[in-house]
Amino acid sequence: MRAEVSEPRVERWRAVAAAAGLLDADGTTRPTIFAEMTALAARTGAINLGQGFPDADGPAWVREAAVEAIRGGVNQYPPGRGVPELRRAVADHQARHHGMSLDPATEVLVTAGATEALTAAVLALAGPGDEVLTLEPFYDSHAAAVALAGATHTTVPLVRGPEGFRLDVTALANAVSPRTRVILLNSPHNPTGAVLTRAELEALAAAAVRADAVVVTDEVYEHLVYDDAAHVPIATLPGMAERTITISSAGKTFSLTGWKIGWATGPAHLVEAVLAVKQFLTYSGGAPFQPAIARALERGDADVAALRDSLAQRRDLLVAGLEDAGLAAVRPEGTYFVCADASALLTPDLPDGAALARALPAAVGVASIPVSAFCRAGSPTASAVAPLLRFTFSKDRSTLEEALRRLRTLR
């Protein structure tokens, strides 16, 4: 006899999943915007400038270190907290680059990419009745984690201006409440490419102190910062180390996104809270990749600098090409994404960026992501960014040049 799940439990799951944007109206699982646009690109043969993964693999010597680990028998469960050499390497990295002092035994946790660290942190620290504040636009997994925790998602907008996207500090004061338990930041910011200034971080830190909230930071693009912009971890601000979980990963830094090696650092009691959830998600993973990433963090600064220089050149190529195609590009300070205003290309049949993004793969053979997909449906920010598309410059130069040639036909 087949056991049936009780209807209230099914309905509760559906409500949570719907709030997280995981279900269509008919109750079927909704693909993420990245999966949707990547599938559309594959179906039409379009160049995929939507999903942010590099064309080229990371440094050969780092990949060879993983091969050596596999051949050397590093193929079983690693410790739940991560292998000691990687935890030491992460602590040394934070000290060398940011002046942060960490105990690798208690204040560093290795995770299955930054996404697991973020989700485990939100599940550990927030629940029904609590509020989690994010920037808006926000990376889609941030909203999903908040909804799955049963918490209320509140936002503060990044507003586009002459200098790119900047935090609305006035709106911040209104967005934080006594129920705010977590402030979830992302800088350098996906999708806008903004790098929060020290003054913006100080405003966020003051808000966190007023609400007695924990700050969780998504810093996966920490080394992909250009021109005069400087990434400042909020944990380095006075009084913030004790209330901040800092999250990053090797995927973007070393162009090894499929390895899914991330980490969370912070005071021992907060790291312990994240571990309490993480151990029942993946427990551990990436055994041969962990020692390889430890070596990369220890000896890979030159590789990271070369990647950053190359990306800066490709950013300039993409910004200029988008402008030439009739899209007003916002020059990013960090990450490997450019947001571009497509207002000049919109028509009654293609009234916003979402409609245009779904039409471009078949029309000209280029896929992008509508920036409104990173917003709450119907929010003021979603309306403000409705004409915007996000393009990645993580692809090789020849791919970008061909994509821009195709986009120029829009004129």
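Residues numbered from 1 in each chain as written. Predicted model: local features only at pLDDT ≥ 70, side-chain atom pairs only at ≥ 80, totals over all residues. Heavy atoms only, no water.

You'll find the protein entered in an unreviewed UniProt entry as N-succinyldiaminopimelate aminotransferase DapC, with Litorihabitans aurantiacus given as the organism. If you open the UniProt record of the protein and go to Cofactor (unreviewed entry), you find "pyridoxal 5'-phosphate". Among the UniProt annotations of the protein, the heading Sequence similarities (unreviewed entry) holds the following wording: "Belongs to the class-I pyridoxal-phosphate-dependent aminotransferase family." (UniProt positions renumbered as here; feature names shortened; annotations may be inferred.)

## Digging into the overall build of the protein
In terms of helices and strands, the protein carries 14 helices and 14 strands. Each of the 411 residues in the protein was classed as buried or not, and the buried ones make up 55%. Considering only contacts within the protein whose residues lie at least 6 apart along the sequence, 74% involve residues at least 24 apart. About 17200 Å² of surface is accessible on the protein, with carbon and sulfur atoms providing 54% of the total. Seen as two clouds, the 37 positive and the 45 negative side-chain charges of the protein have centres 3 Å apart. (Helix = DSSP H or I, 4+ residues; strand = E, 2+ residues; numbered from the N terminus. Buried < 20%, exposed > 50% of the residue type's maximum accessible area, 1.4 Å probe, protein only. Contact = heavy atoms within 4.5 Å. Areas by Shrake-Rupley, 256 points an atom, 1.4 Å probe, with all protein chains shown as cover. Lys, Arg positive; Asp, Glu negative; His and termini not counted. Charge placed at Lys NZ, Arg CZ, Asp CG, Glu CD.)

## Quick notes on the sheet that holds strand 9 (residues 261-265)
Taken in spatial order, the 8 strands line up as 2-9-8-7-6-3-4-5 in an open sheet, and their pairing is mixed. Strands with a single pairing partner mark the edges of an open sheet, and in this sheet they are strand 2 (108-112) and strand 5 (164-167). Between one strand axis and the next, the sheet turns through 25° on average, direction left out of account. With 4 bridges connecting them, strand 7 (residues 214-218) and strand 8 (residues 244-249) associate as parallel partners. In the strand pairing of strand 8, V215 is matched with T244. Contacts between helix 4 (residues 84-98) and the sheet are confined to strand 2, strand 8 and strand 9, with strand 2 contributing the most and set at about 110° to the helix. Those strands touched by helix 5 (residues 113-125) are strand 2, strand 6 (180-186), strand 7, strand 8 and strand 9, and its axis lies near 160° from that of strand 8. (Pairing = 2+ DSSP bridges. Axes fitted to C-alpha atoms, helices over the stretch in contact; angles between N-to-C directions.)

## A few points about the packing of aromatic side chains
Scanning the model with the defined rule gives 8 aromatic pairs in all. For the pair F34 and Y139, a centre-to-centre distance of 5.9 Å together with 35° between the ring planes defines the contact as tilted. With F34 in helix 2 (residues 33-44) and Y139 in the loop between strand 3 (131-136) and helix 6 (140-148), the pair connects residues that are 105 residues apart, well separated along the chain. Taking the relative accessible area as the measure of exposure, Y139 reaches 24% and is therefore partly exposed. Ring geometry for Y221 against F337: centres 6.0 Å apart, planes inclined by 80°, an arrangement best described as edge-to-face. Taken together, the residues Y221 in the loop between strand 7 and strand 8 and F337 in strand 11 (residues 337-341) connect sequence positions 116 residues apart. (Phe/Tyr/Trp six-rings, centres within 6.5 Å; stacked < 30°, edge-to-face > 60°.)

## Overview of the sheet that holds strand 10 (residues 328-330)
Spatially, 4 strands are ordered 10-11-14-13 in an open sheet, and the strand pairing comes out antiparallel. The open sheet has two edge strands, strand 10 and strand 13 (369-370), and neither has a second partner. In this structure, strand 11 lies alongside strand 14 (residues 388-392), joined through 5 bridges in antiparallel fashion. Across the sheet, the residue bridging to V338 is F391, located in strand 14.

## Structural notes on the nonpolar core
Ranked by internal contacts, the top residues of the largest apolar core, which has 65 residues, are V216, L322, L327 and F391. If near-sequence neighbours (up to four positions away) are discounted, L322 is found in contact with L327, A329, V338, A340, F391, L404 and L407. Core analysis: the second largest hydrophobic core is formed by 33 residues, L185, L196, A207 and A208 among them. (Core = buried A, V, L, I, M, F, W, Y, C linked by side-chain atoms within 4.5 Å.)

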